[in-house]
Amino acid sequence: MAEISGRVGDPESGGGGALSPTDQVLFSRYLLAASLMGYSLFLALVIDRLHQYIRELRGLKKNVEAVSKQNKMLEEAKHEVLRRTKIPGRDHHSEREMKKLKLQVQEKTEEVHIAEDKTLAIRKQSESLLLEYDRLLEDNQHLREQLQSIDLRLSGS
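Note that the structure is a prediction, hence the values are computed from the model and not measured.

### With respect to the overall build of the protein chain
- From N to C terminus, the protein chain includes three helices and zero strands.
- Shown N-terminal to C-terminal, the secondary structure of the protein chain runs as helices and strands in the order α-α-α.
- When the 157 residues of the protein chain are sorted by exposure, 20% land in the buried category.
- For the protein chain, long-range pairs separated by at least 24 residues make up 77% of all intrachain contacts whose partners lie at least 6 apart in sequence.

Following this line, the structure appears as structure tokens:
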């Protein structure tokens with residue numbers, strides 16, 4: 001491109017300050033090729049980031065499943081404690097244990113809600129990235145078609 005722009009000011013090549021039609025076509029072709037390379041790099045970055053989000057989403061799903069299992073086990077333990085406490089003559093120790101278990105259940109429930117919120121946020125972000133990726137693919141295809149049409153015009157001349 002520097003060579004083409006250098007011809008504009010060169011009096012020996014007959015350049016009176018304007019590009020010849022051939023130089024204009026070459027210049028636009030180089031510019032289009034450079035743009036396609038930039039779009040390709042951008043798409044590669046988007047795909048890489050999308051892959052990272054998907055991996056993180058899988059990890060969060062596993063964490064949610066593990067917390068859900070723990071929550072279920074704590075609920076079962078809570079019901080067992082409640083069943084035991086219905087027996088007359090319960091002692092002070094079982095009441096403390098029941099309070100402790102209730103606190104654990106509340107903590108685990110909060111952890112589950114937080115993990116679900118994070119999963120939802122990542123899912124929304126993933127969907128928006130997929131839409132952006134599809135749009136960029138369409139732009140890339142359009143630019144490729146433009147480049148092919150320019151190549152066909154150049155080869156036909």
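### Some remarks on the pattern of salt bridges
- As enumerated under the stated definition, the model contains five salt bridges in all.
- Taking the shortest distance from any N to any O, the salt bridge between K108 and E111 comes out at 3.8 Å. One end of the pair, K108, and the other, E111, are both in helix 3 (residues 92–156), three residues apart, so they sit about a helical turn from each other.
- For E111, a relative accessible area of 36% gives the class partly exposed.
- A salt bridge links D139 to R135; its shortest N-O distance comes to 2.8 Å. Taken together, the positions of D139 and R135, both in helix 3 and four residues apart, correspond to about one turn of that helix.
- Residue class for R135 comes out partly exposed when judged on its relative accessible area of 40%.
- Each of the salt bridges in this network shares a partner with another, and the network as a whole consists of E132, R135 and D139.

### Considering the confidence of the model for the protein chain
- Averaged over every residue, the pLDDT of the protein chain is 86; the share at 70 or more is 84%.
- Mean pLDDT values for the elements of the protein chain range from 63 in helix 1 (residues 2–8) up to 92 in helix 2 (residues 21–85).

### Describing the environment of L43
- Mapped onto the fold, L43 is located in helix 2.
- The class of L43 is buried, set by a relative accessible area of 7%.

### Structural notes on a positive patch on the surface
- Judged by side-chain charge, R58, K61, K62 and R123 come together as a positively charged surface patch.
- With three residues, helix 2 is the largest single contributor of residues to the positive patch.
- Its place among the elements puts R58 in helix 2.

### Thoughts on the environment of V105
- By the element assignment, V105 lies in helix 3.
- Residue class for V105 comes out buried when judged on its relative accessible area of 8%.
- If we ignore the near neighbours within four places in the chain, the residues touching V105 are N71, L74 and E75.

Cut-offs applied
Residues numbered from 1 in each chain as written. Predicted model: local features only at pLDDT ≥ 70, side-chain atom pairs only at ≥ 80, totals over all residues. Heavy atoms only, no water. Helix = DSSP H or I, 4+ residues; strand = E, 2+ residues; numbered from the N terminus. Buried < 20%, exposed > 50% of the residue type's maximum accessible area, 1.4 Å probe, protein only. Contact = heavy atoms within 4.5 Å. Salt bridge = Lys/Arg side-chain N within 4 Å of Asp/Glu carboxyl O. pLDDT = per-residue confidence, 0-100. Patch = residues over 30% accessible without salt bridge, like charges linked within 9 Å, V, L, I, M, F, W, Y side chains within 5 Å. Areas by Shrake-Rupley, 256 points an atom, 1.4 Å probe, with all protein chains shown as cover. Lys, Arg positive; Asp, Glu negative; His and termini not counted. Charge placed at Lys NZ, Arg CZ, Asp CG, Glu CD.

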